[in-house]
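# Examination of the molecular architecture
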Amino acid sequence: MEGYPSRVWLQTLPGTCNLDVTSSDLGDYRAKRDFESTPEPSPRRRRRKGGAPRFVVQEHSARRLHWDLRLEHDGVAVSWAIPNGIPADPQENRRAVHTEDHPLEYLGFEGEIPAGEYGAGTVRIWDQGTFECLKWERGKVVFAFEGDRLSGRYALFQAGDEKDWMIHRMDPPAELRDPFPESIAPMLPRPARLPRKGKWAAEVRWQGLRAIASGRPGRLRLSDSDGGDISRRYPKVRRLARQLGTRDAVLDGELVVFDEEGRPSAPGRKGDAVTYVIFDLLYLEGHDLMAEPYRRRRKLLEGLELSGEAWQTPSYSVGDLRALLDASHERGLPGLILKRLDSRYEPGRRADSWRSVG
């Protein structure tokens, strides 16, 4: 995230958005950048005439993933770095780090800041639009987003020294959100024979370490079957948070080590190349999916296209279960996990709608 702000804050009357309350020559912005090496725009310090003030939220995949909020004010883009994204829930305040003013040209910037430069990493526009300024005073800004993704009233308020702020949603979201589950015990299969009837999905029996991945913007927690936090053991898997971006999601899967023949086993030795094999989606962007049928959960999961250096989302198969089981044995795999296509997710239960066959 970026450094200290250069902005000089002056007290204004409550409820006003005076456009002459600040003073900035963008000196800090200039000092931190070599414009012959970075594609970021050099400042021209100009005031845009007419129209509603603009905002941008840029997803910044730097040393740590975060989101930069910039509000047009008094000829510059006043900026905050938000480690965990813009909150959708009024019950959740999130940290916002007040950073140096940026030039107005930065409101449209996307690109790759080269390694070795300040803020090195990829910058992408996550949302942009205009905002209604409701209050702009020392230590507090109140405004309403009018963007493609963002809408509603928000407040930024100082919560410590000059750079320590918080961002808070003031009004309820447009749609009700299910609470984010803090802990989920994995659903388990019953050992059984091949079923004679019903519509079933067949997955590989991975023989790995079961893990629930709870992803919030900018962070991801891995929990074992007992709910213990095992995140620190698998730092490469935690980079999945970058691909999830601003999406709140809870995933079910197994941590697996593959041998040279592609046969899976549970992680053992330190330094093993571990892959998180994802096979279920339990929560997504404010929606609890556990009552949804397996078929729909898998469709939503596949739509996320989660694939990376230490995670993958293998497909499932339907059809002749005996042929699928025989094929798994021929590949040296331990068997199959069968799941009814209409099965709901039952946390902590060993249900007959999921079966382990070997």
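Since this is a predicted model, take the numbers as computed values, not measurements.

## Some words on the packing of aromatic side chains
- All told, the structure shown has 13 aromatic pairs when counted by the stated rule.
- With a centroid separation of 5.2 Å and an interplanar angle of 80°, the aromatic rings of F180 and Y283 are classed as edge-to-face. Highlighted residues: F180 in the loop between β9 (164-169) and β10 (188-191) and Y283 in strand β16 (residues 274-284), separated in sequence by 103 residues. The exposure classification of F180 matches that of Y283, with both residues buried.
- Linked through ring pairs, F55, F131, F143, F145 and Y154 together constitute an aromatic cluster.
- Taking the ring centre of F180 as reference, the NZ or CZ of R216 above it sits at 4.2 Å.

## Here's the deal with the side chain of R297
- Along the chain, R297 turns up in helix α4 (residues 294-304).
- Residue classification places R297 among the buried residues on the basis of a relative accessible area of 0%.
- Here R297 is in contact with D280, L281, L289, M290, E292, S343, R344, Y345 and W354, once residues within four sequence places are set aside.

## A short note on α4
- Taken as a whole, α4 has its buried residues at Y294, R297, R298, L301 and L304. Around the axis of α4, the buried residues are gathered within 110° of arc, so they sit on the same side. Of the exposed residues in α4, those oriented more than 90 degrees away from the buried face are K299 and G303.
- Residues of α4 that are buried sit in contact with β11 (200-204), β14 (249-258), β16, β19 (336-340) and β20 (350-357).
- At the C-terminal side of α4, E305 shows a positive phi close to 55°.

## Considering the environment of W136
- By the secondary structure assignment, W136 is in strand β6 (residues 121-137).
- Residue W136 is classed as buried on the basis of its relative accessible area, which comes to 1%.
- Placed 188 residues apart in sequence, W136 and L324 show a C-alpha to C-alpha distance of 64 Å.

## Points about the sheet that holds β10
- Spatial strand order, β10-β20-β19-β11: four strands in an open sheet with mixed pairing. The open sheet has two free edges, formed respectively by β10 and β11, since each of these has just one partner strand. Ignoring which end each strand starts from, the neighbouring axes of this sheet average 40° apart.
- Strand direction decides the pairing type here: β10 and β20, joined by four bridges, are parallel. Across the sheet, R190 pairs through a bridge with R355, a residue of β20.
- Sheet strands in contact with α4 are β11, β19 and β20, and its direction is about 50° off that of β11.
- Relative to β19, helix α5 (residues 321-330) is tilted by about 155°, and along the sheet it contacts β11, β19 and β20.

## Examining the nonpolar core
- Residues L69, L71, W80, F143 and L156 are the most contacted members of the largest nonpolar core, which totals 29 residues.
- If you look at the next biggest cluster of nonpolar residues, it comprises 25 residues, including V237, L281, L289 and W311.

## Examining the side chain of S79
- Within the secondary structure, S79 sits in strand β3 (residues 76-82).
- There is a polar contact of 3.4 Å between the side chain of S79 and the side chain of H102.
- Discounting residues that sit within four places of it in the chain, S79 has contacts with L69, R70, V97, H98, T99, E100 and H102.

## Topic: the environment of G245
- Within the fold, G245 resides in the loop between α3 (240-244) and β14.
- Since its relative accessible area comes to 6%, G245 is described here as buried.
- Excluding anything up to four places from it in sequence, G245 contacts E59, W67, P217 and G218.

## Things to note about the environment of L341
- Locating L341 in the fold gives a position in the loop between β19 and β20.
- You can call L341 buried: its relative accessible area is 9%.
- Each C-alpha atom of the pair L341 and K199 lies 6.0 Å from the other, and the pair is 142 residues apart in sequence.
- Not counting chain neighbours up to four residues away, the residues in contact with L341 comprise K199, W200, A201, P293, Y294, R295, Y316 and V318.

Thresholds applied
- Residues numbered from 1 in each chain as written.
- Predicted model: local features only at pLDDT ≥ 70, side-chain atom pairs only at ≥ 80, totals over all residues.
- Heavy atoms only, no water.
- Phe/Tyr/Trp six-rings, centres within 6.5 Å; stacked < 30°, edge-to-face > 60°.
- Helix = DSSP H or I, 4+ residues; strand = E, 2+ residues; numbered from the N terminus.
- Buried < 20%, exposed > 50% of the residue type's maximum accessible area, 1.4 Å probe, protein only.
- Lys NZ or Arg CZ within 6 Å of the ring centre and 35° of its normal.
- Contact = heavy atoms within 4.5 Å.
- Arc of directions from axis to C-beta.
- Pairing = 2+ DSSP bridges.
- Axes fitted to C-alpha atoms, helices over the stretch in contact; angles between N-to-C directions.
- Core = buried A, V, L, I, M, F, W, Y, C linked by side-chain atoms within 4.5 Å.
- Polar contact = N/O pair within 3.5 Å; in protein donor to acceptor, adjacent residues only side chain to side chain.

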